[in-house]
Amino acid sequence: MLRQLFYSLIYLTEPIGFIWFLLCVGALIFARKKQWLASIYCIVIAGIISIIGSTPLPGKLIEMLEKQYLRQDPFDVPVCDAVVSLGGSVQASKYDAHNLDLLYSCDRISMAVELVKRGRAKNLVIGGSGYQFKGVLIVEPDMVKQWLTDWKLVDVPIYSLGATDNTHDEALRVANLAKTNGWQQILVVTSAYHMPRTAATFKKAGLNIVCVPCDFQTSLSIETPVSYTLVPRYQGFVKLSIFIHEIFGMATYKIHGWM
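Residue numbers run consecutively from 1 along every chain, following the written order of its sequence. The predicted origin of the model limits local features to residues at a pLDDT of at least 70 and limits the giving and counting of side-chain atom pairs to 80 or more, whereas totals for whole chains, interfaces and linings rest on all residues. Each side-chain value is derived from all of the structure's non-hydrogen atoms; neither hydrogens nor water enter the calculation.

1. Section: a nonpolar patch on the surface
Our working definition: Like-charged residues are merged into a patch within 9 Å and nonpolar side chains (Val, Leu, Ile, Met, Phe, Trp, Tyr) within 5 Å, provided each residue has over 30% relative accessible area and no salt bridge. Shrake-Rupley sampling with a 1.4 Å probe provides the accessible areas, and residues are treated as covered by the protein chains on show and by no other component. Should a side-chain nitrogen of Lys or Arg be within 4 Å of a carboxyl oxygen of Asp or Glu, the pair is scored as a salt bridge. A run of H or I in DSSP becomes a helix once it reaches four residues, and a run of E becomes a strand once it reaches two; helices and strands are each numbered from the N terminus. Burial here depends on accessible area, computed with a 1.4 Å probe over protein chains only, as a share of the maximum for the residue type. Under 20% is buried, over 50% is exposed, and the range in between is partly exposed.
On the surface, F18, F21, L22, V25 and I29 cluster together into a nonpolar patch covering about 420 Å² of accessible area. The residue I29 is located in helix α2 (residues 15–32) in this model. Relative accessible area serves as the criterion here: at 43%, I29 is assigned to the partly exposed category.

2. A few points about helix α6 (residues 140–151)
Operational definition: Helix span, expected: 1.5 Å multiplied by one less than the number of residues in the helix. Directions drawn from the helix axis to the C-beta atoms are what define this arc.
With 12 residues, α6 should cover 16 Å at 1.5 Å per step; its first-to-last C-alpha distance of 17 Å lies within 8% of that length. Among the residues of α6, E140, P141, M143, V144, W147 and L148 are the ones counted as buried. Buried residues in α6, looked at end-on, bunch into an arc of 160 degrees, giving them a common side. One or two residues past the end of α6 sits K152, with phi positive at roughly 55 degrees.

3. Side note on the packing of aromatic side chains
The following threshold applies: Note on aromatic contacts: the rings of Phe and Tyr and the six-membered ring of Trp form a pair at centre separations within 6.5 Å, being stacked when their planes are under 30 degrees apart, edge-to-face when over 60 apart, and tilted otherwise.
Counted under the stated rule, the structure contains three aromatic pairs. For the pair W147 and W151, a centre-to-centre distance of 5.6 Å together with 75 degrees between the ring planes defines the contact as edge-to-face. Of this pair, W147 and W151 both sit in helix α6, four residues apart, which is roughly one turn of the helix. Classification of W147 as buried rests on a relative accessible area of 12%. Relative accessible area serves as the criterion here: at 52%, W151 is assigned to the exposed category.

4. Overview of the sheet that holds strand β9 (residues 209–214)
Cut-off, in case you're wondering: Only when DSSP finds a minimum of two bridges between them are two strands counted as paired. All axes are obtained by fitting lines to C-alpha atoms, using only the stretch in contact for helices, and the reported angles, taken between N-to-C directions, cover 0 to 180 degrees. By definition, residues are in contact when any of their heavy atoms lie within 4.5 Å.
The sheet built from five strands is open, its strands ordered β7-β4-β1-β8-β9 with parallel pairing. Each edge of the sheet is formed by a strand with only one pairing partner; in this case those strands are β7 (158–160) and β9. This sheet shows a mean twist of 20 degrees between the axes of neighbouring strands, independent of strand direction. Here strand β8 (residues 186–191) runs beside β9; their pairing, made up of six bridges, is parallel. Along β9, the bridge assignment pairs T190 with P213. Here helix α5 (residues 107–117) sits on the sheet in contact with β1 (82–85), β4 (124–126), β8 and β9, set at roughly 150 degrees to β8.

5. Here's the deal with the pattern of salt bridges
Counted by the stated rule, this structure contains three salt bridges. One salt bridge in this structure joins R233 and E14, with 2.5 Å as the shortest N-O distance. Taken together, the positions of R233 in the loop between β9 and α9 (235–256) and E14 in the loop between α1 (2–11) and α2 put the pair 219 residues apart, joining distant regions of the chain. The same class applies to R233 and to E14, which are both buried. Linking R197 and E246 is a salt bridge whose minimum nitrogen-to-oxygen distance equals 3.0 Å. Here R197 is found in helix α8 (residues 195–204), whereas its partner E246 is found in helix α9, with 49 residues between them in sequence. Take E246: its relative accessible area is 2%, and that puts it in the buried class.

In structure tokens:
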């Protein structure tokens, strides 16, 4: 009990927890002043924050996306002509090794490399974005390719898709590579929550793919108990943001006819 109270006090120092605490205090103050409408507003907003930040609901929403292409053994896949690691795994950094900052989704790269090392793919394709910095074009897939080459992590040809804006662009460039090189079947690696949109987009581009999801965000893969907390935390908001991004992304892709 004391331990739970201690952690609750720590969580109150986080922005979400502190805002929730202020809303609770505000609700009491307004109630004492009999300003009922203001008190109700504070209670409703604090309740919404609690549902998002204190319950498993956001994780359950992401699980709906993650479980669609779940594999009990991610390496039990056929040998394919290539494996594609979608972008979103790195960003440029002046003072890090190879000028790369590995992001939370860098599982995409490690999974693709592991598939190559296990003999599941004959070529490795790296996706990602690019941007201008002080007049210089920064192409993240090129940087990843250089990093993997320098470390000699794989002994197969590595292709960079160049600077792309989104998953649709990546799918089109992979389709061109497949046509040029005569690839018949391709492994596609991306975050599990992003796989439904990715799979539909790559299939729309005419590719024969095998999906290998990674970078799971929920207890579907990560062995942590589902828990409730008194003070809301930021993780629920991160998961809800991911879910909303994917839902709107799929709607946008459907409108454009990309999936």
